[in-house]
Amino acid sequence: MKLIRLKHIGAAVMLGITLAGTVSCNKDFGDLNVNPNQASQPSTKFLFGSAVLGIGGINNAAGGVLYVQHLAEYVYNNESRYFNREYSYNAIYAGPLMDLTRIIDMNTDPATKDTKAVLDNSLNANQIGHARVLRGFLMLTMTDRWGDIPYFEALKGASNTKPTFTPQREIYLDLLKEFKEASAQITVAMPNDPLFDGNFGKWKRWANTLRAIAALRLAATSEAAAGRTAFTEAVAAGLIGANTDDAAFPYQAVQAFESPWYTNYRSRYDYGVSNTMIDKLKLLADPRLSIYARSPANAAGTYTGVPYGINEQYSTGDYSLIGTTPAAQNFPALITTYAQTCFTMAEAALIGWIPGGDAEMITWYNRGIAASLQKWHGLAAKTISDAEILTYSTGLNVVLTPVQTAAVKLERIQTQKWLNFYLGNGYEAWAEWRRTGYPVLAPAPDAVNVGGQIPRRQCYIGTERDLNKTNYEAALSRQGPDELSTPVWWDK
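Residues numbered from 1 in each chain as written. Predicted model: local features only at pLDDT ≥ 70, side-chain atom pairs only at ≥ 80, totals over all residues. Heavy atoms only, no water.

> Is there a simple way to explain the nonpolar core in this structure?
The nonpolar side chains of soluble globular proteins are, as a tendency, buried together. Membership of the largest hydrophobic core comes to 139 residues, with the highest contact counts inside it found for Leu71, Tyr89, Leu134, Met142, Trp203, Trp206 and Tyr422. Per-element tally for this core: the top contributor is helix 6 (residues 124-146), with 10 residues. (Core = buried A, V, L, I, M, F, W, Y, C linked by side-chain atoms within 4.5 Å. Buried < 20%, exposed > 50% of the residue type's maximum accessible area, 1.4 Å probe, protein only. Helix = DSSP H or I, 4+ residues; strand = E, 2+ residues; numbered from the N terminus.)

Pasting the structure below:
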């Protein structure tokens, strides 16, 4: 699951070591140990490409996907029973976040900002804007997983090896500012952009959409007013507006850069589609069923989900594997999509954050359904007609109407968002489930964690407890015990 990410983190770390060694040799021995064929400083063009590639595998890693029960495990079922407690963010800091910090520093330092290694990658402010968007996305993902994390004092290198943990409330408020300012800084294309292929307009819309998503997370907190203001501003600035705007990590049809789900199926079959997902798709008569899953070998023409969170071993011949489309070698990880944006707007209309009431809510909801069905059918090289979309969206268990209660409306919006998240951004799906409680998910029957409930956060890696004890304990005194059951700030 970590093949792509670790490959580029390793390259970035080696780059940092080489540079550090070169600086030391210059200081002590002049030009004696200078390699004339090695650049005196890294190119921000390649640092940015490395940072983008470094996000591969972070958001669709197994943890989030299993928590929201998109998948279940055939044999090794520890993670779906919440056995794993500690998850490390060290590689994220040392990899893409370090690359992005270096880009920002090189574009602001008077000694480097006007050099060829920097300016070959576009204007200073433009590079900083792109880096801030990607850095904000990673920090948003991390704080939603762990809660309080090193933020303001992070990434300082040897000058601060024991950073404090910033309270999540402060992180969120700063991220709202970061996404706003970063979007305004982006004015031209980046020449080495694996995510949007140099389309800076898509970067701006992604930044605005991330701001709206983060803002909505504050709707039930003490910062709801700030969240609503930020949401309104983000919508006015322009959100993701079509399937072609989607932020999708571009896995490739080559082994070094392939989808982790394909990698898993190369030699073993750890994951299949869960019974939770299959049963929901069947209940809704969802046309994505044959795309999301495949028929078991021993039950051709049917779809049977792997029992979720049960301490048993199951055969791939009896239960549905991931569909051939999402398990393809080059299937993209759908990080933030137009369909998700539509469902976010539908909820905003439901709670009165945008005008239009029920009519606006239903319009955005149906747009989200259409966008998701069209996206997934397009990726599977299938067609779906407007009539088929209408039939699905007006189905008994799907249709959204003004007469339904607010709880039913939210449940339907969030269920469609959950279905759309399938194998794209599992940690975002988990955050949305924690925030709203929908769709209703039963915890693993054979859960082994304290309390036996679906995790509300992930625990810090043991090195924080051992090497940064004072700040680690300060975070726990503010946030709560370092357990899977402790909710993060916006979830309390």
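> Where do I start with the packing of aromatic side chains in this structure?
Summed over the entire model, instances satisfying the criterion amount to 24 aromatic pairs. Here Phe48 and Trp203 contribute two aromatic rings whose centre-to-centre distance is 5.6 Å and whose plane-to-plane angle is 50 degrees, an arrangement assigned as tilted. You can see Phe48 sitting in helix 2 (residues 44-53) and its partner Trp203 sitting in helix 8 (residues 200-216), a full 155 residues away along the chain. In this structure Phe48 comes out as buried when scored by relative accessible area, which is 0%. Seen from their ring centres, Trp261 and Tyr271 are 5.6 Å apart, and the 85 degrees between their planes marks the pair as edge-to-face. You can see Trp261 sitting in helix 10 (residues 260-267) and its partner Tyr271 sitting in strand 5 (residues 271-273), a full 10 residues away along the chain. (Phe/Tyr/Trp six-rings, centres within 6.5 Å; stacked < 30°, edge-to-face > 60°.)

> What exactly am I supposed to notice about unusual backbone geometry here?
Note on backbone geometry: most residues besides glycine have negative phi, and most peptide bonds are trans. The peptide bond linking Tyr438 to Pro439 adopts the cis configuration, its omega dihedral lying at -5 degrees. On the secondary structure map, Pro439 appears in the loop between helix 17 (426-436) and helix 18 (462-467). Look at Tyr82: it is not a glycine, yet its phi comes out positive at around 65 degrees. You can see Tyr82 is positioned in the loop between strand 1 (71-73) and helix 4 (90-108). By relative accessible area, Tyr82 is classed as buried at 1%. For Asp197, which is not glycine, the phi torsion reads 55 degrees and is therefore positive.

> Mind showing me how you'd approach the pattern of salt bridges here?
Should their charged atoms come close, side chains of opposite charge can pair. Using the criterion set out here, one finds 28 salt bridges in the structure. Arg478 is the salt-bridge partner of Asp148, the closest N and O atoms lying 2.8 Å from each other. Of the two residues, Asp148 sits in the loop between helix 6 and strand 2 (149-150) while Arg478 sits in helix 19 (residues 469-479), which places them 330 residues apart along the sequence. Here Arg478 falls in the partly exposed class, since its relative accessible area comes to 40%. Among the ionic pairs, Arg217 bridges to Glu428, the shortest N-O distance being 3.1 Å. Of this pair, Arg217 sits in the loop between helix 8 and helix 9 (224-237) while Glu428 sits in helix 17, and the two are 211 residues apart along the sequence. Accessibility assignment for this pair places Arg217 and Glu428 in one class, buried. A single salt-bridge network, built from bridges that share partners, covers Asp144, Arg217, Glu347, Lys417, Glu428, Glu432 and Arg435. (Salt bridge = Lys/Arg side-chain N within 4 Å of Asp/Glu carboxyl O.)

So yeah, pure geometry; function would need other evidence.
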